[in-house]
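The lines below spell out each chain.
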Amino acid sequence: MTKQVKPIERNTDEAQLQELVKKIPDLISVEEFGMVGPMMVIGRETSLPSGSVDLVGLTQIGEILVIEFKTGPQNPDFRHALSQLVDYGSDLWSMTYEEFEEAVPLRYFASDRCDDLRVKGKSTLEEAMIQVWPDSDPSESTEFRDAVTRRLKDGHFDYVVVAQRFTDPMLNTIDYMNNSMPGCR
């Protein structure tokens, strides 16, 4: 979490907002967070031991985004969103590339939740990568795999909370986390 971004639109339906970002991942401008875009969605309501991650994304250089949506008055506790993200990160931490691929993207690509025809039914993350980022060189797949593997091993994830507004205490917490948790943002 690096900074507050202007709201897309007021929305009180978390599922509807998740679907919108899933269909148009560029609504989360990863470049504004210092990442290399565009983002590929590789999971929606992904089941992990600690719960279901709203969205999981990857960038072209293997940055892993764990995204949680909080909208409206039914989700006023920002601390809950942060604890969910940390729980999800701990579930992903230390997975091998193969475990991650099986648990997140391949499960998503095979599910009814996936409606991106570029990745639907793909049997490897590298196949999806070539479809989503056609300008990527096949030799980059090894670098991509190595980058994802490093991030999983080290627990270096990018946590994103999508919310209608952020209070000053929330922003202070985000600044604290960004400055005290090297490797995570």
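Asks: Where do I start with the overall build of the protein chain in this structure?
Replies: Across its full length, the protein chain carries seven helices and four strands. Listing the helices and strands of the protein chain from first to last along the sequence gives α-β-β-β-α-α-α-α-α-β-α. Relative to the compact-globule value of 16 Å for 185 residues, the protein chain shows a C-alpha radius of gyration of 16 Å, a close match. By residue count, 46% of the 185 residues in the protein chain fall in the buried class. Averaged over its 19 positive side-chain charges, the protein chain has a centre that lies 4 Å from the centre of its 32 negative ones.

Asks: What is the right way to read helix 2 (residues 78–92) from this model?
Replies: Three- or four-residue spacings in an α-helix give side chains the same orientation, since the helix completes a turn every 3.6 residues. In a regular helix each residue adds 1.5 Å, so 15 residues correspond to 21 Å; helix 2 covers 21 Å between its end C-alpha atoms and thus fits that length. Buried within helix 2 are the following residues: Phe78, Ala81, Leu82, Gln84, Leu85, Tyr88, Gly89, Asp91 and Leu92. Downstream of helix 2 by a residue or two, Ser94 has a phi angle that is positive, lying close to 75 degrees.

Asks: Help me understand the sheet that holds strand 2 (residues 51–58), please; the structure alone is not making it clear to me.
Replies: Pairing between sheet strands relies on hydrogen bonds along the backbone, with the strands arranged either parallel or antiparallel. Strand order in the open sheet made by the four strands is 1-2-3-4, with mixed pairing throughout. The open sheet has two free edges, formed respectively by strand 1 (40–48) and strand 4 (158–163), since each of these has just one partner strand. Mean inter-strand twist for the sheet, computed between neighbouring axes without regard to direction, equals 30 degrees. Pairing between strand 2 and strand 3 (residues 64–70): four bridges, direction antiparallel. Across the sheet, residue Gly57 finds its bridge partner in strand 3, namely Leu65. Across the face of the sheet, helix 1 (residues 14–23) comes into contact with strand 1, strand 2, strand 3 and strand 4 while running at roughly 145 degrees to strand 1. Helix 2 contacts strand 1, strand 2, strand 3 and strand 4 of the sheet and is inclined by roughly 150 degrees relative to strand 3.

Asks: Looking at this structure, I do not really get the nonpolar core. What am I missing?
Replies: Where a protein is soluble and globular, its nonpolar side chains tend to be buried together. One finds Ile28, Ile42, Ile67, Leu92, Phe100 and Leu125 to be the most contacted residues of the largest nonpolar core, which totals 54 residues. Setting aside chain neighbours within four positions, we find Phe100 in contact with Ile42, Ile64, Leu92, Met95, Pro105, Leu125, Val148 and Leu152.

Asks: Explain the packing of aromatic side chains to me, please; I cannot follow it from the model alone.
Replies: In this description, an aromatic ring pair is defined by two values, namely the gap between the centres and the angle between the planes. Using the criterion set out here, one finds three aromatic pairs in the structure. With centroids separated by 6.1 Å and ring planes inclined at 65 degrees, the aromatic side chains of Trp133 and Phe144 adopt a geometry described as edge-to-face. Linking Trp133 in the loop between helix 5 (125–132) and helix 6 (140–154) with Phe144 in helix 6, this pair joins segments that are eleven residues apart in sequence. The same class applies to Trp133 as to Phe144, namely buried.

Asks: How do you make sense of the packing of helix 5 against helix 6 when you look at a structure like this?
Replies: Between helix 5 and helix 6, the shortest axis-to-axis distance is 11 Å and the interhelical angle comes to 120 degrees. By the criterion of interaxial angle, the relationship of helix 5 to helix 6 is oblique. Helix-helix and strand crossings are classified by hand; for helix 5 and helix 6 the assignment is right-handed. The residues of helix 6 that touch helix 5, namely those facing Leu125, Glu126 and Met129, are Glu140, Ser141, Phe144 and Arg145. Among the residues forming the contact of helix 5 with helix 6, the class breakdown is three nonpolar, one polar and three charged.

About the criteria used
Residues numbered from 1 in each chain as written. Predicted model: local features only at pLDDT ≥ 70, side-chain atom pairs only at ≥ 80, totals over all residues. Heavy atoms only, no water. Helix = DSSP H or I, 4+ residues; strand = E, 2+ residues; numbered from the N terminus. Rg over C-alpha atoms; globule rule 2.2 N^0.38 Å. Buried < 20%, exposed > 50% of the residue type's maximum accessible area, 1.4 Å probe, protein only. Lys, Arg positive; Asp, Glu negative; His and termini not counted. Charge placed at Lys NZ, Arg CZ, Asp CG, Glu CD. Expected span 1.5 Å × (residues − 1). Pairing = 2+ DSSP bridges. Axes fitted to C-alpha atoms, helices over the stretch in contact; angles between N-to-C directions. Contact = heavy atoms within 4.5 Å. Core = buried A, V, L, I, M, F, W, Y, C linked by side-chain atoms within 4.5 Å. Phe/Tyr/Trp six-rings, centres within 6.5 Å; stacked < 30°, edge-to-face > 60°. Parallel < 35°, antiparallel > 145°, perpendicular 65-115°, else oblique. Left-handed = near helix turned anticlockwise from the far one by under 90°. Nonpolar A, V, L, I, M, F, W, Y, C, P; charged D, E, K, R; others polar.

The analysis is restricted to geometry; functional conclusions fall outside its scope.
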